Amino acid sequence: MPEHTLAISGLHKRFGQVVALRDVGFTVRPGELFGFVGSNGAGKTTTMRIVLGVLNPDAGEVTFGGAPITRQVRTRIGYMPEERGLYPKMKVADHLVYLAELHGLSSVDARAATQRWLGRLGLDHRRGDEVQKLSLGNQQRVQLAAALVHEPDLLVLDEPFSGLDPVAVDVMSDVLREEAARGVPVVFSSHQLDLVERLCDRIGIIAGGRMVAVGSVEELTASAGAELEVVAPQAEPDWAANLPGVTVVAEEGPRTVLRLAPGADDQAVLHAALATGPVTGFTRHRPSLVELFRAVVTEDGGGSRHA
Ligand SMILES: Nc1ncnc2c1ncn2[C@@H]1O[C@H](COP(=O)(O)OP(=O)(O)OP(=O)(O)O)[C@@H](O)[C@H]1O
Ligand SMILES: [Mg+2]
């Protein structure tokens, strides 16, 4: 299987007066699980549709292994669209065989792959049922099987976790990890940030059609600066108010929560705290992805979407 990098750069897209994307770019390397997050309407689906060639950008380009994504390359992508495009009246197994053949597998290989994925995703007993008779979550499993049945070289999944029960979330997580381990670049969008934080090698945050952060969870949370919790029972209120690079987030009795700007000196804070008397607690927290998300998305303010 060829191992290629997906590279997206300088994407601009406008729908009438609405600027959906401005200069969107990021890369997803072979074997990497990339989480694409952003508020409703931020531009995730638009970006993914452009990768698939369903939409054309006004500017910018998408390459896979350094070459543009041609019709030929497109058959090697596994895609889960936001609007789940299965034929409701088709039977589950027939549907998967049909899709696999459409992507170039022989009839024998298509059947074998269908069998494998039905088993892997716990859908064996539903193989003869019409897609429309399945629950939403099971339809979603079929949709995942549909994205995977032709052994794609690249996976692009638009909110694969929405509507899944906790067991199905685990199955989906395992499958995405396995696909990445096979050397496939995997990009998926999600609003479940705890899951994204746990699962992804790298994350891209889009706000108002612009990338506001791209990197590993460690890189992103380090760049956001740390949070310190200081317990100093004899300190006066506002003791930390004027320390450089420090913002007071909360003050409750002896406990003060501070946000440090990147590079700010936590030892200087400790010295200042000790100057007030005994310090009985001094803890550094890494911000969670949810906190980071709130910070960067609010900072951006959305900007004006209108041209
Ligand atoms: N076909 C279209 N015609 C007009 N506007 C569109 C079209 N598709 C998307 N938009 C607009 O482009 C912007 C980005 O939409 P997009 O669907 O990419 O967001 P998203 O990040 O996928 O959001 P969600 O989390 O809700 O799925 C929105 O302002 C949306 O209204
Ligand atoms: Mg979307």
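This section reports on the structure supplied with the text. (Residues numbered from 1 in each chain as written. Chains lettered and ligands numbered in written order. Predicted model: local features only at pLDDT ≥ 70, side-chain atom pairs only at ≥ 80, totals over all residues. Heavy atoms only, no water.)

This paragraph deals with the overall build of the protein chain. A tally of regular secondary structure across the protein chain gives 10 helices and 14 strands. Principal axes of the C-alpha set define a box for the protein chain whose edges measure 75 × 45 × 35 Å. When each of the 307 residues of the protein chain is scored for burial, the buried share is 48%. For the protein chain, the proportion of contacts with a sequence separation of at least 24, taken over those separated by at least 6, is 71%. For the protein chain, the exposed area adds up to about 14200 Å²; of that, 52% sits on carbon and sulfur atoms. (Helix = DSSP H or I, 4+ residues; strand = E, 2+ residues; numbered from the N terminus. Buried < 20%, exposed > 50% of the residue type's maximum accessible area, 1.4 Å probe, protein only. Contact = heavy atoms within 4.5 Å. Areas by Shrake-Rupley, 256 points an atom, 1.4 Å probe, with all protein chains shown as cover.)

Another aspect to go through is the packing of aromatic side chains. All told, the structure shown has 4 aromatic pairs when counted by the stated rule. Taking 6.2 Å as the distance between ring centres and 65° as the angle between the ring planes, the aromatic pair formed by Y87 and Y98 counts as edge-to-face. Highlighted residues: Y87 in the loop between β6 (77-80) and α3 (92-102) and Y98 in helix α3, separated in sequence by 11 residues. The partly exposed category is assigned to Y87, whose relative accessible area is 45%. On the basis of relative accessible area, Y98 is assigned to the partly exposed category, the value being 32%. Cluster of aromatic residues (ring-pair linked, three or more members): F26, F34 and F36. (Phe/Tyr/Trp six-rings, centres within 6.5 Å; stacked < 30°, edge-to-face > 60°.)

With that out of the way, let us pick up the sheet that holds strand β13 (residues 255-260). Judged by pairing direction, the sheet is antiparallel, and its 4 strands sit side by side in the order β12-β13-β11-β14 without closing on themselves. A strand with exactly one partner marks an edge of an open sheet, and here the two such strands are β12 (246-252) and β14 (281-285). Each neighbouring strand pair of the sheet contributes to a mean axis angle of 20°, computed without reference to strand direction. Both strand β11 (residues 227-231) and β13 contribute to a ladder of 5 bridges, which runs antiparallel. Following the sheet pairing, L228 is matched in β13 by L258. (Pairing = 2+ DSSP bridges. Axes fitted to C-alpha atoms, helices over the stretch in contact; angles between N-to-C directions.)

What follows is about the site of ligand 1. For ligand 1, the set of nearby residues contains 15 residues, the closest of which are G41, K44, T45, T46 and E82. A distance of 3.0 Å separates an oxygen atom of ligand 1 from a polar atom in the side chain of N40. Between ligand 1 and the protein, one listed contact pairs an oxygen atom with a side-chain N or O atom of T46 at 2.6 Å. Protein chains shield 65% of the accessible area of ligand 1, which is 640 Å² for the free molecule. Of all the elements in the fold, those that place two or more residues in the shell around ligand 1 are β2 (18-28) and α1 (44-52). Ranked by the residues each element gives to the shell around ligand 1, the list is headed by α1, at 3 residues. In the shell around ligand 1, the residues fall into 4 nonpolar, 7 polar and 4 charged. (Near = heavy atom within 4 Å. Polar contact = N/O pair within 3.5 Å; in protein donor to acceptor, adjacent residues only side chain to side chain. Nonpolar A, V, L, I, M, F, W, Y, C, P; charged D, E, K, R; others polar.)

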